[in-house]
Amino acid sequence: MQDSTKLLYRQIADRYVKVVWTHKIQECQADIYLEKSKRTQTFLRILSALTTTGTIAALINGLNTWIVAVITAFVAAASLYLTLSNGDSHTEYKVADCKRFAAIMHNLRNQYESLMTDIKAELLTDKEIVERRTLLEKLENDVYSSPLPATTAKAVKRASKSLKVSKDSTTEEKELELIVPSHLQIDK
């Protein structure tokens, strides 16, 4: 491989890594939103049960109905607050937005990976590499020019663990041997 091709490959590999990071961070952020939504829904169910229990208890003779009514009103107010501040549609929108953006980045990641494969297989001239790189950069710039879904430090930390420790976007040789049908495998 020529030095100019190696230089182009290095720049494309750098872009690939950045796209992989963005993709994984968005996926992790969507998971965080889903987990928060599940916790909120569980807490709302508990508050609803307590409100119902308080109402039933107020109907039973022998209990101080004023205290039960105050507690029930407090629990109902907390339930209302959670419902209004953490509406499912708002969370669902955030999840969908992160997943949509992650899908776009996944597609871009695959295109960069294909270009890197073609370069490594020496199927392209430097001119062809530059043309495809320029096209991918334009696509990437178009993606980043629209409003991006917000992410958190927690999502970045999860993405880091997923990519560096779990090697989530890496296919190990053993996986290929186990999953790809033997008649489609290439001899080493």
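See the structure above.
Keep in mind the model is a prediction, meaning the values are calculated, not measured. Position numbers for residues count from 1 along each chain, tracking the sequence in the order it is written. Local features in this predicted model are restricted to residues whose pLDDT is 70 or higher, and side-chain atom pairs enter the listing and the counts only when it is 80 or higher, whereas totals over whole chains, interfaces and linings include all residues. Where side-chain values are given, they derive from all heavy atoms of the structure, hydrogens and water being excluded.

**Considerations on a nonpolar patch on the surface**
(1) Moving on: For patches, a residue must show more than 30% relative accessible area and have no salt bridge; joins then use 9 Å for like charges and 5 Å for nonpolar side chains, namely Val, Leu, Ile, Met, Phe, Trp and Tyr. Calculation of accessible area relied on Shrake-Rupley with a 1.4 Å probe; when residues are assessed, cover is drawn exclusively from the protein chains displayed. Note on definitions: salt bridges are taken to be side-chain nitrogens of Lys or Arg within 4 Å of carboxyl oxygens of Asp or Glu. A contiguous nonpolar patch, built from Phe43, Ile46 and Leu50 and spanning about 290 Å² of accessible area, is present on the exposed surface.
(2) Moving on: Secondary structure elements are defined from DSSP: runs of H or I of at least 4 residues count as helices, runs of E of at least 2 residues count as strands, and each element is numbered from the N terminus. Structurally, the position occupied by Ile46 is in helix α1 (residues 3-59).
(3) Moving on: Think of it in three bands: residues with accessible area under 20% of the maximum for their type are buried, residues over 50% are exposed, and the middle band is partly exposed, with areas taken using a 1.4 Å probe on protein chains only. In this structure Ile46 comes out as partly exposed when scored by relative accessible area, which is 44%.

**Side note on helix α5 (residues 153-165)**
(1) Moving on: Expected helix span is given by 1.5 Å per residue-to-residue step, counting one fewer step than there are residues. With 13 residues, α5 should reach 18 Å at 1.5 Å per residue; the first-to-last C-alpha distance of 17 Å fits that figure.
(2) Moving on: Ala155, Ala159, Ser162 and Leu163 are the residues of α5 that are buried. The arc that holds the buried residues of α5, viewed along the axis, is 85 degrees, so those residues lie on one side. For α5, the exposed residues set more than 90 degrees away from the buried face come down to Ala153, Lys157, Lys161, Lys164 and Val165.
(3) Moving on: Following α5 by one or two positions, Lys167 has its phi on the positive side, about 50 degrees. The arc in question is the one traced by the directions running from the helix axis out to the C-beta atoms.

**Points about the nonpolar core**
(1) Moving on: Residues Ile12, Met105, Leu108, Tyr112, Leu115, Ile119 and Ile129 are the most contacted members of the largest nonpolar core, which totals 18 residues.
(2) Moving on: Counting only elements with at least two residues in this core, the list comes to α1, α3 (88-120) and α4 (126-145).
(3) Moving on: Throughout, a contact is declared for two residues whenever any of their heavy atoms are within 4.5 Å. Look past the residues within four positions of Ile12 in its chain and what remains in contact with it is Tyr112, Leu115, Met116, Ile119, Ile129 and Arg133.
(4) Moving on: Among the nonpolar cores identified, the runner-up in size contains five residues, and Ile25, Ile32, Ala155 and Ala159 belong to it. Only buried residues count toward a nonpolar core. Its members are Ala, Val, Leu, Ile, Met, Phe, Trp, Tyr and Cys residues joined through side-chain atoms within 4.5 Å.

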